[in-house]
Amino acid sequence: EIAFFGGSFTGIDRELFLGLCALGKKYVDEGGVDGLRCSTRPDYIDAEVLDILKAHGFHTVELGVQSIDDAVLLACRRGHTAEDTRSACALVRESGLSLVCQMMIGLPSSSAESEMKTARFIAESGAVAVRVYPTVVFPKTELLSMCCREEYTPLSVEEATERTANVLEVFDECGIKVIRV
């Protein structure tokens, strides 16, 4: 596969997006790769985008679900709602493309309960796989500023491990493949 990751692929400049899709399709058509995949935000998915992806040989869309809790999404300034996520997951599933969800542990305003709610949503959404990421605070970021203002406290390694293990149990019980932690 060729994977377009590291940002919201379907939200980049339209000409660049279409050009990269065409380049990827060339490799699919030549038999060099079996298919394409991309990661993107829930609010950058609609029927038109999915039609473009399918026409260019994409098999998988990875959605940055992060959380299904609106309070968490607001605290993180994600710019979309849980309803946007629900809609995007349904659209991907209905399009026939494989859905992979990416969630995060330890986001601002999250709790073990909200993370379990997100894991259960992912399991019920039709996702074939999931990636689980603990929140990491990097230098020169808004998250670090929030820590300095005591608006956010990162999880300890032990807390992050326990909360990750809890969501992994949900995925294991539901047969959802975990492709990265």
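For the structure itself, look to the data block above.
A. Quick look at the environment of Val 33. Counting through the fold element by element, Val 33 comes out in the loop between helix H1 (14–29) and strand E2 (36–40). A residue is classified by how much of its surface remains accessible, and Val 33, at 16% relative accessible area, is buried. Note: C-alpha distance between Val 33 and Gly 57 (24 residues apart in sequence) is 9.8 Å.

B. Region of the structure containing the side chain of Ser 125. Examined against the element boundaries, Ser 125 turns out to sit in the loop between helix H5 (112–124) and strand E5 (129–134). On the basis of relative accessibility, which here comes to 4%, the residue Ser 125 falls in the buried class. Ignoring any residue separated from it by four or fewer positions in sequence, one finds Ser 125 in contact with Cys 89, Arg 93, Leu 99 and Cys 101.

C. Representation of the environment of Leu 23. Considering the arrangement of structural elements, one finds Leu 23 in helix H1. For the pair Leu 23 and Glu 113, spaced 90 residues apart in sequence, the C-alpha to C-alpha distance is 43 Å.

D. Structural view of the pattern of salt bridges. Scanning the entire structure with this criterion turns up eleven salt bridges. Its salt-bridge partner being Glu 142, residue Arg 77 comes within 3.4 Å of it at the nearest N-O pair. With a gap of 65 residues between them, Arg 77 in the loop between helix H3 (70–75) and helix H4 (82–95) and Glu 142 in helix H6 (residues 142–148) connect regions that are remote in the sequence. Linked through salt bridges whose partners overlap, the residues forming this network are Glu 1, Arg 37, Glu 62 and Arg 131.

E. Representation of the sheet that holds E5 in the model. Spatial ordering of the open sheet is given by E1-E2-E3-E4-E5-E6, a layout of six strands whose pairing is parallel. The sheet terminates laterally at strand E1 (2–4) and strand E6 (177–180), the two strands that pair on one side only. This sheet shows a mean twist of 25° between the axes of neighbouring strands, independent of strand direction. Pairing between strand E3 (residues 58–66) and strand E4 (residues 98–105): six bridges, direction parallel. Considered in E4, the bridge of Gly 64 is made with Gln 102.

F. Looking closely at the nonpolar core. If you look at the biggest cluster of nonpolar residues, it comprises 38 residues, and the most contacted ones within it are Leu 53, Val 61, Leu 63, Ile 122 and Phe 171. Setting aside chain neighbours within four positions, we find Phe 171 in contact with Met 103, Ala 119, Ile 122, Val 130, Val 132, Ile 176 and Val 178.

G. Quick peek at the packing of aromatic side chains. Under the definition given, this model contains four aromatic pairs. With a centroid separation of 5.1 Å and an interplanar angle of 65°, the aromatic rings of Phe 9 and Phe 17 are classed as edge-to-face. A residue is classified by how much of its surface remains accessible, and Phe 9, at 5% relative accessible area, is buried. Following the ring pairs from residue to residue traces out a cluster consisting of Phe 4, Phe 9, Phe 17 and Phe 58. The cationic tip of Lys 26 hangs over the ring face of Tyr 27; the distance from NZ or CZ to the ring centre is 5.6 Å. In this structure, Arg 41 is placed above the aromatic ring of Tyr 44, and the distance from its NZ or CZ to the ring centre is 5.2 Å.

What counts, and at which threshold
- Residues numbered from 1 in each chain as written.
- Predicted model: local features only at pLDDT ≥ 70, side-chain atom pairs only at ≥ 80, totals over all residues.
- Heavy atoms only, no water.
- Helix = DSSP H or I, 4+ residues; strand = E, 2+ residues; numbered from the N terminus.
- Buried < 20%, exposed > 50% of the residue type's maximum accessible area, 1.4 Å probe, protein only.
- Contact = heavy atoms within 4.5 Å.
- Salt bridge = Lys/Arg side-chain N within 4 Å of Asp/Glu carboxyl O.
- Pairing = 2+ DSSP bridges.
- Axes fitted to C-alpha atoms, helices over the stretch in contact; angles between N-to-C directions.
- Core = buried A, V, L, I, M, F, W, Y, C linked by side-chain atoms within 4.5 Å.
- Phe/Tyr/Trp six-rings, centres within 6.5 Å; stacked < 30°, edge-to-face > 60°.
- Lys NZ or Arg CZ within 6 Å of the ring centre and 35° of its normal.

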